[in-house]
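Here's the letter readout for the chains.
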Amino acid sequence: MGQAWKRPFCGSLRPEHKGQRVELCGWVRRRRDLGGLVFVDLRDREGIVQVVFREELKAQAETLSPEDVVRVVGTVVARENPNPEIPTGLVEVVAEDLQILNRAATPPFVVEDRVKASEELRLRYRYLDLRRPEMMASLLLRHRITFEIRRYFHEMGFIEVETPILTRSTPEGARDFLVPSRLSPGKFYALPQSPQLFKQLLQVAGLGRYMQIARCFRDEDLRADRQPEFTQVDVEASFVTEEDIFSLIEGLFHRIFPLVGIEPPQRFPRLSFREAMEAYGSDRPDVRFDLRLHDFAELAAECDFLPLRQAATTGKVKGFVVPEGAAFSRKELDSIGEHARKLGLPGIVWMKKTADGVASSAKKGLGEAGVLRFLQAAACQEGDLLLLAGGPEKTVLTGLGQLRLWCARRLHLIPENEFAFCWVTDFPLLEWDDETKRFYACHHPFTSPKTEDVELLEIAPEKVRARAYDVVVNGLELGGGSIRIHDAQLQRRVFACLGISEEQAQQKFGFLLEAFRYGAPPHGGIALGLDRLVMLMAGRDSIRDVIAFPKTTAGNCLLTDAPNVVDDEQLAELHLRFVP
């Protein structure tokens, strides 16, 4: 075996290596000159180790600067002054030879974890940013998770298959990234938003169990947990039910989450979409804390306060109790109301119970007895605060769901280092859009409706539930999937509900409908967002921190200055020209 593969990493040295002569290669983190000795912290991807340079090498070592690349040969010995803060803190290397492989310019920021550089500067010099221990740790964790995922699915009988990156555009979800074809003027490939159709075709082909660590692309607005290109753990299997997928993914999470000391429950709790929305105001609920939404429509319909009474007649009246929230000042309550309006709620009615009696922003309209009825219905204790909102169902549920999170963060009600797993099931199959006056698929158009709801497709499509499911951890959707349609006739009926004509269906998805004619098995699957998964497990706030070379929120790569212009000759080859 080549010598390079026998060389230990700097951060891997331990007391059991004492007395061994080793060769180390790495970057100078820091140099300290102490009398007749020079101490250098040498860093590589696994960590740092202290190297001691005695008199014969002292003059050469004194020329070292941070980030210089060096090769050191020496002997591992017990460290005279142990450092319990680092894994190598019980040993050091006494250098016998030093070779300076490359001098480094002064970096634009200090390569340390507590760096004060802006994110823009760090992304511009990403190769330096990745040298920081916390960034390197994220990439190493990502590797360990990915390796364990592949091993788990291999043990479960899955085969990894690469699906095409250049495919056709099927614009039913987010915008596609388009790639012009030089050989077919006027025609375009699309980068895949998901391997969805190909993994279904692999089931028609008889593969049975497929998985892939797949690169996907979506041309959409970005935020902390989104990128234009991302990675998903793509899974599909034949002859399965929802229960099979649930147990498969729970088994996977039991394999990977212990890598960071997290033990998931044996079985994840389940909530239907309707239950999640009614209790938490979100289809990806954070169930680590309470603050559940309660229905006050019946009480509101009989009260004397006109805004609540009208809301109960035409929409929803919901609310939640904030423990010890009665201590909020009037200014703080006004701040809550202002934030509620930013969330789209028409307003907030607050009520609280104190030692002096009851108080409410609607006390004039409700009277003390009316306020007390609401507080009793909410089982409010002395010192609690009740927040109510009324209006259209979707507005009230989603608005209060976000307000619930906002209050929990401000009051520090979310337990740290706690992980709450759940499944959300029975999503609506279709969602009506008032602007375009048509239905859209809530997941994608290949999701199977629940068997008992199929008869509603033509008469009440808004009531059809899907055989779809999401896995949620701490309010973060880590993956979503469904049991798919495998019958061509049912697929055509769903297309019709989406306003896709027979001709359009044939043009866009004819190859799938044709495949279903030749013995398509029942099948289903799921796609997990690998970037989000690693972000959660690494305890980071943005997926940019767990991707080697991410884009900014504007979709730019600051390192390579992409996207960028191309010259007219390249455009001409592709039969394109730029129109300002």
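Everything quoted here is computed from the prediction, not taken from an experiment. All residue numbers here refer to positions counted from 1 along the written sequence of the relevant chain. Predicted model: local features are reported for residues with pLDDT of at least 70 only, side-chain atom pairs are reported and counted for 80 or more only, and whole-chain, interface and lining totals are derived from all residues. Heavy atoms from the whole structure form the basis of all side-chain values; hydrogens and water molecules are not counted.

Trainee: Can you tell me about the state of the cysteines, naming the residues and giving the values?
Mentor: One covalent bond between the sulfur atoms of two cysteine residues makes up a disulfide. The rule for a disulfide is simple: a pair of cysteine sulfur atoms within 2.5 Å. Tallied over the full model, the rule gives zero disulfides. Cys25 takes part in no disulfide bond, and the closest cysteine sulfur, belonging to Cys10, lies 7.9 Å away. Distance from the sulfur of Cys442, which forms no disulfide, to the nearest cysteine sulfur (Cys497) is 12 Å. Burial here depends on accessible area, computed with a 1.4 Å probe over protein chains only, as a share of the maximum for the residue type. Under 20% is buried, over 50% is exposed, and the range in between is partly exposed. The class of Cys442 is partly exposed, set by a relative accessible area of 30%.

Trainee: With reference to specific residues and values, describe the pairing of strand β15 (residues 357–360).
Mentor: For two strands to pair, DSSP has to find at least two bridges joining them. Each helix corresponds to a stretch of at least 4 residues labelled H or I by DSSP, and each strand to a stretch of at least 2 residues labelled E; elements are numbered beginning at the N terminus. Direction of pairing for strand β14 (residues 349–354) relative to β15: antiparallel, over a ladder of four bridges. In the sheet register, Lys352 faces β15, and the bridge partner there is Ala359. Between β14 and β15, which pair antiparallel and follow one another directly, the connecting turn spans two residues.

Trainee: Could you give an account of unusual backbone geometry, with specific residues and numbers?
Mentor: Residue Pro563 follows Ala562 across a cis peptide bond; omega there is 0°. Tracing the backbone shows Pro563 in the loop between α16 (530–538) and α17 (568–573).

Trainee: So what's going on with the pattern of salt bridges? Residues and values would help.
Mentor: Whenever a carboxyl oxygen of Asp or Glu lies within 4 Å of a side-chain nitrogen of Lys or Arg, that contact is scored as a salt bridge. Summed over all chains, the structure comprises 54 salt bridges. Across the pair Asp531 and Arg142 runs a salt bridge, and its minimum N-O distance is 2.8 Å. Of this pair, Asp531 sits in helix α16 while Arg142 sits in helix α5 (residues 133–155), and the two are 389 residues apart along the sequence. For Arg142, a relative accessible area of 15% puts it in the buried group. Among the ionic pairs, Glu242 bridges to Arg467, the shortest N-O distance being 2.8 Å. Highlighted residues: Glu242 in helix α7 (residues 242–256) and Arg467 in the loop between β19 (438–441) and β20 (468–473), separated in sequence by 225 residues.

Trainee: Before we move on, can you summarise the sheet that holds strand β17 (residues 421–425) with the specific residues and values?
Mentor: Within the open sheet, the eight strands sit side by side as β6-β9-β10-β22-β21-β20-β17-β11. Their pairing is mixed. With one partner strand each, in any of the chains shown, β6 (159–160) and β11 (270–272) form the two edges of the open sheet. Direction of pairing for β11 relative to β17: parallel, over a ladder of three bridges. Bridged to Leu271 within β17 is Val424. In this analysis, two residues are considered to be in contact whenever any of their non-hydrogen atoms come within 4.5 Å of each other. Lines fitted to C-alpha atoms define the axes here, with helix axes fitted over just the stretch in contact, and angles between the N-to-C directions of these axes take values from 0 to 180 degrees. The strands touched by helix α8 (residues 273–280) are β11 and β17; relative to β11, the strand with the most contacts, the crossing angle is about 90°.

Trainee: With reference to specific residues and values, describe the nonpolar core.
Mentor: One finds Phe320, Ile348, Leu387, Leu400, Leu403 and Leu457 to be the most contacted residues of the largest nonpolar core, which totals 61 residues. Among the elements that take part in this core, helix α13 (residues 393–410) stands out by supplying seven residues, more than any other. Definition used in this section: a nonpolar core is a set of buried Ala, Val, Leu, Ile, Met, Phe, Trp, Tyr and Cys residues joined via side-chain atoms within 4.5 Å. One finds Ile149, Phe158, Leu530 and Val546 within the second-largest nonpolar core, a separate group that totals 41 residues.

Trainee: Outline the packing of aromatic side chains, listing residues and values.
Mentor: Two rings from Phe, Tyr or Trp (for Trp, the six-membered ring) form a pair when their centres are within 6.5 Å of each other. A pair whose planes differ by under 30 degrees is stacked, one over 60 is edge-to-face, and the rest are tilted. Counted according to the given criterion, the structure contains 18 aromatic pairs. When the centroid spacing of 5.4 Å and the interplanar angle of 75° are considered together, the rings of Tyr152 and Phe153 count as edge-to-face. Neither Tyr152 nor Phe153 differs from the other in exposure class; each is buried. Joined through ring pairs, the aromatic side chains of Phe246, Phe253, Phe257, Phe268, Phe421, Trp423 and Tyr469 make up one cluster. Any Lys NZ or Arg CZ that is within 6 Å of a ring centre and within 35 degrees of that ring's normal is treated as a charge sitting over the ring. Here Arg124 stacks its cationic end above the ring of Tyr125, 4.9 Å away from the centre of that ring. The ring centre of Tyr440 lies 4.0 Å from the NZ or CZ of Arg438, which sits over that ring.

Trainee: Explain the side chain of Asp234 to me, using residue names and the numbers behind them.
Mentor: Considering the arrangement of structural elements, one finds Asp234 in strand β10 (residues 229–238). Assessed through its relative accessible area of 0%, Asp234 is described here as buried. Polar contacts here mean pairs of N or O atoms no more than 3.5 Å apart (in protein, one a potential hydrogen donor and the other a potential acceptor; neighbouring residues in sequence count only if both atoms are side-chain atoms). One polar contact links Asp234 to Tyr210, side chain to side chain, over a distance of 2.8 Å. With sequence-adjacent residues up to four places away left out, Asp234 is seen in contact with Pro195, Lys199, Tyr210, Met211, Gln212, Ala214, Ile526 and Ala527.

Trainee: I'd like a description of a negative patch on the surface, backed by residues and values.
Mentor: The grouping of Asp567, Asp568, Glu569 and Glu573 at the surface amounts to a negative patch. Relative to the assigned elements, Glu569 resides in helix α17. When its relative accessible area of 56% is taken as the criterion, Glu569 is described as exposed. Like-charged residues within 9 Å of one another, or nonpolar side chains (Val, Leu, Ile, Met, Phe, Trp, Tyr) within 5 Å, are grouped into patches, provided each residue has over 30% relative accessible area and no salt bridge. The Shrake-Rupley method, run with a 1.4 Å probe, gives the accessible areas here. Residue values count only the displayed protein chains as cover. For the purpose of counting charges, residues Lys and Arg are taken to be positive, whereas Asp and Glu are taken to be negative. His and the chain ends are not included. Every charge is mapped to an atom, namely NZ of Lys, CZ of Arg, CG of Asp or CD of Glu.

Trainee: Which residues make up the packing of α8 against α13, and what are the values?
Mentor: Helix-helix packing: each pair is described by the crossing angle between the helix axes and the interaxial distance. The contact between α8 and α13 brings their axes to 8 Å, and the two run at 65°. Packed against α8, whose contacting residues are Arg274, Met277, Glu278 and Tyr280, the element α13 presents Glu393, Leu397, Thr398, Gly401 and Arg404 at the interface. Side-chain classes follow a simple rule in which Ala, Val, Leu, Ile, Met, Phe, Trp, Tyr, Cys and Pro form the nonpolar group, Asp, Glu, Lys and Arg form the charged group, and the remainder, Gly included, forms the polar group. For the contact of α8 with α13, the per-class residue count stands at three nonpolar, two polar and four charged.

Trainee: Lay out the sheet that holds β14 with the relevant residues and their values.
Mentor: Ordered by their spatial adjacency, five strands build an open sheet running β12-β13-β16-β14-β15, and the pairing between neighbours is antiparallel. Lying at the two open borders of the sheet, with one neighbouring strand each, are β12 (294–295) and β15.

Trainee: Describe in detail the side chain of Glu67, supporting the description with residues and values.
Mentor: Counting through the fold element by element, Glu67 comes out in the loop between α2 (55–61) and β4 (69–78). Owing to a relative accessible area of 5%, Glu67 belongs among the buried residues under this scheme. Polar side-chain contacts of Glu67 include one of 2.6 Å to the side chain of Arg43. Every residue in contact with Glu67, bar those within four places of it in the chain, is listed here: Trp27, Val28, Arg43, Ala104, Pro107, Val111 and Arg131.

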